[in-house]
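Examination of the molecular architecture
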Amino acid sequence: YILESIRPEIRQYFIEGDGEAVPFSRGHRAIAYKRAKGDNSSMPFGTTRDTGAVGYEWVNHSLYPTKLDEQRVVIGKNNPLVTQPYASSLLNISAMSYGALSDRAIVALSSGAKLGNFSHNTGEGGISKFHREGGGDLVWNLGTAYFGAGTFDSNGDRIFDPALFQENSKYAKMIEIKLSQGAKPAHGGMLPKEKITPEIAEARNLPFPVEHDCNSPPQHSAFSNPTELCNFIQQLRELSDGKPVGIKLCVGQPEEFTALVHTFLQTGIHPDFITVDGGEGGTGAAPPEFSNSIGTPLQEGLSFVHATLVGAGLRDPTNKANSKIALIASGKILTGFSMFKTFALGADVCNAARSFLFSLGCIQALKCNTNTCPTGITTSNPDLSWGLDPTTKQARVASFHRATVHACTEVMEATGVTSWAEIKPQMVVKRIGEGKSRHYADIFEHLQVKPGELLEFKGPTRLLEAWDLEDGIVSSVV
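Conventions adopted
Residues numbered from 1 in each chain as written. Predicted model: local features only at pLDDT ≥ 70, side-chain atom pairs only at ≥ 80, totals over all residues. Heavy atoms only, no water. Phe/Tyr/Trp six-rings, centres within 6.5 Å; stacked < 30°, edge-to-face > 60°. Helix = DSSP H or I, 4+ residues; strand = E, 2+ residues; numbered from the N terminus. Buried < 20%, exposed > 50% of the residue type's maximum accessible area, 1.4 Å probe, protein only. Pairing = 2+ DSSP bridges. Axes fitted to C-alpha atoms, helices over the stretch in contact; angles between N-to-C directions. Contact = heavy atoms within 4.5 Å. Patch = residues over 30% accessible without salt bridge, like charges linked within 9 Å, V, L, I, M, F, W, Y side chains within 5 Å. Areas by Shrake-Rupley, 256 points an atom, 1.4 Å probe, with all protein chains shown as cover. Salt bridge = Lys/Arg side-chain N within 4 Å of Asp/Glu carboxyl O. Parallel < 35°, antiparallel > 145°, perpendicular 65-115°, else oblique. Left-handed = near helix turned anticlockwise from the far one by under 90°. pLDDT = per-residue confidence, 0-100. Right-handed = clockwise from strand over helix to strand, strands pointing away.

**A few points about the packing of aromatic side chains**
Under the defined criterion, the tally for this structure stands at 13 aromatic pairs. Centre to centre, the rings of Tyr33 and Phe358 are 6.0 Å apart; their planes meet at 85°, and the pair counts as edge-to-face. Placement of Tyr33 in helix H3 (residues 26-37) and of Phe358 in helix H13 (residues 354-360) is noted, with a sequence separation of 325 residues between them. Overall, Tyr33 belongs to the partly exposed group, its relative accessible area being 25%. Summarising the aromatic geometry, the rings of Phe160 and Phe165 are spaced 5.7 Å apart at their centres and angled 55° between planes, so their arrangement reads as tilted. In this structure Phe165 comes out as buried when scored by relative accessible area, which is 0%. Among the aromatic side chains, those forming a connected cluster through ring pairs are Trp140, Tyr146, Phe160, Phe165, Phe223 and Phe232.

Right, dumping it as structure tokens:
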């Protein structure tokens, strides 16, 4: 029984191979640790990967590399209704709530974001005093419980409070409406009652002490169909004095997403960005069925969303900087190569959660949902979190970000592009069989759609099938 209790640690430290991803490989974790500490992360004697194995991926470089300046993505600049566009870094901290993370971890991440000039997504737990203490640029994730922007109705259900939202929106650079997340699509957020402290209750506008787990409902009460969602987007944009407003989702039924895009075109109201979360999951606690078997993985989901928006005339595939809707992607992004191939599938910006936790010292103990995290990151127990020093860790957060973005920039330079906006799916190749390899545009055929083509009911078969709303599949939501 004793050995069984420490089996995960024995496997991780003594048995696990460098390339086994459960969920992150030892090799990838080592890269994150070295870059966070500012150590040399180069490798000797060539790759240890099997370049002939099915699934191996590589970048097609150019004979004429370029030299790039700092790359920023200005979100909201192509929407006249946005008066406060945001110049985003290529890599930012993905959504992780205060409550899921300790107060010291939140301060370290937010402070690191300020040092490195990138953003920190609050997660659906709302904007806490620890987010504000860190001073980093905040993206406010607005979930179904409207923490920090809602109250209780007479039935005890959470409802949106416009006045409270307007008051707290001053702390955010952008607003992100969470429709679903990769860790548990179509399932509300879960915070065990054991982790809820008076400070967490304050940030979430909850009574204290709590008697039950803090579980968010699976759907919003402020809207129930695409048209109402568009109106809600515009309401938040006005209440926040013209800040960019976007949506976050993990792709599920394709027709439901195309129904949203149809409504964007019909109403003339669209989000300034869409965050596509992969079904690979993240830091959030979730039932195993949801973590393992629900939600589209990032590559398929992101490429589908990008292709649909291109076909609808809302994105420019040749120069993504001209797109009306920016795309942010999250799902196991840790290296410069993982960023580059995500850009090749259509993203403008990458978000990472667990990668930044490694920069804080996470050892992948897989105890995030138990309040017993040994590194003090995902626990509200002060006896465990006291050893996490935000002053030291903020520097490591900024260092990891700087080194990873630099690595991605070097890959971009090797391909000969002059901007992130020029990265194409043809630049990344994947081995699909013995002696067979294809670039992303051939593997994900929907990426071959031409701008505005779907409006004429032309284009790749898969997209046309999803674009056609007359087959009754989405009659309940349009």
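What follows picks up the thread again.
**Concerning the sheet that holds strand S1 (residues 57-59)**
Across the sheet, three strands lie side by side as S1-S16-S17; this open sheet has antiparallel pairing. Each of the sheet's edge strands pairs with one partner strand only, and the pair in question is S1 and strand S17 (436-439). Sheet twist, expressed as the average angle between the axes of neighbouring strands with direction ignored, equals 30°. Of the pairings in the sheet, the one linking S1 to strand S16 (residues 428-433) comprises three bridges and is antiparallel in character. Directly across from Trp58, in S16, lies its bridge partner Val429. Helix H12 (residues 336-344) rests against S1 and S16 of the sheet, and its axis sits at about 80° to S1.

**Focus on the side chain of Gln364**
Relative to the elements of secondary structure, Gln364 occurs in the loop between H13 and helix H14 (382-385). Dropping the residues within four chain positions of it, Gln364 is found in contact with Gln12, Val22, Pro23, Phe24, Arg29 and Phe358.

**Describing H12**
Of all nine residues in H12, eight are buried, a share of seventy percent or more. Along H12, the residues that are buried comprise Gly336, Ser338, Met339, Phe340, Lys341, Thr342, Phe343 and Ala344. Backbone geometry just after H12 places Gly346 at a positive phi near 125°.

**So, a nonpolar patch on the surface**
Where nonpolar side chains cluster on the molecular surface, the patch consists of Leu3, Ile6, Ile10, Tyr13, Phe14 and Ile15 and spans about 650 Å² of accessible area. Broken down by element, the nonpolar patch gets its largest block of residues, four residues, from helix H2 (residues 7-15).

**Considering the pairing of strand S13 (residues 273-277)**
Counting buried positions along S13 gives five out of five residues, so the element sits mostly inside the fold. Covered by surrounding structure in S13 are Phe273, Thr275 and Asp277 together with Ile274 and Val276, the residues of both alternating faces. Summarising the sheet, strand S12 (residues 245-249) and S13 pair through four bridges and their orientation is parallel. Paired with Leu249 across the two strands is Val276, which belongs to S13.

**As for the pattern of salt bridges**
Within this structure, the stated rule accounts for seven salt bridges. The partner of Glu124 in a salt bridge is Lys178, and the shortest N-O contact between them spans 2.7 Å. Of the two residues, Glu124 sits in the loop between strand S5 (119-121) and helix H5 (129-134) while Lys178 sits in strand S9 (residues 174-178), which places them 54 residues apart along the sequence. Here Glu124 matches Lys178 in class, with each residue buried. Arg237 is paired through a salt bridge with Asp272; the nearest N and O atoms lie 3.2 Å apart. Residue Arg237 is located in helix H8 (residues 226-239), and its partner Asp272 is located in the loop between helix H9 (254-267) and S13; the two are separated by 35 residues in the primary sequence.

**Looking at the packing of H12 against helix H15 (residues 390-415)**
Geometrically, a packed helix pair is captured by the angle between its two axes and the distance between the axes. With their axes 7 Å apart at the nearest point, H12 and H15 run at an angle of 55° to one another. Comparing their axes, H15 and H12 come out oblique. The interaxial crossing formed by H12 with H15 has right-handed handedness. In contact with Gly336, Met339, Phe340 and Phe343 of H12, H15 contributes Thr404, Val405, Ala407, Cys408, Val411, Met412 and Thr415.

**Re the side chain of His131**
Secondary-structure assignment places His131 in helix H5. Given the relative accessible area of 0%, His131 is considered buried. Sequence-distant contacts of His131, defined by excluding residues within four places in its chain, comprise Tyr98, Ile106, Ser110, His120, Thr122, Gly126 and Leu138.

**Focus: the confidence of the model for the chain**
Here the chain averages 91 in pLDDT, and 95% of its residues register 70 or above. This model gives residues 474-478 a pLDDT under 50, and the stretch forms seven contacts once residues within four places in sequence are excluded.

**Notes on the pairing of strand S14 (residues 326-330)**
The element S14 is extensively covered by neighbouring structure, given that five of its five residues are classed as buried. In S14, alternate side chains face the same way, and those of Ala326, Ile328 and Ser330 on one face and Leu327 and Ala329 on the other are all buried. Sheet topology note: the S13/S14 ladder contains five bridges and is parallel. By the bridge assignment for S14, Asp277 is matched with Ser330. In terms of handedness, the path from S14 via H12 over to strand S15 (residues 349-352) forms a crossover that is right-handed.

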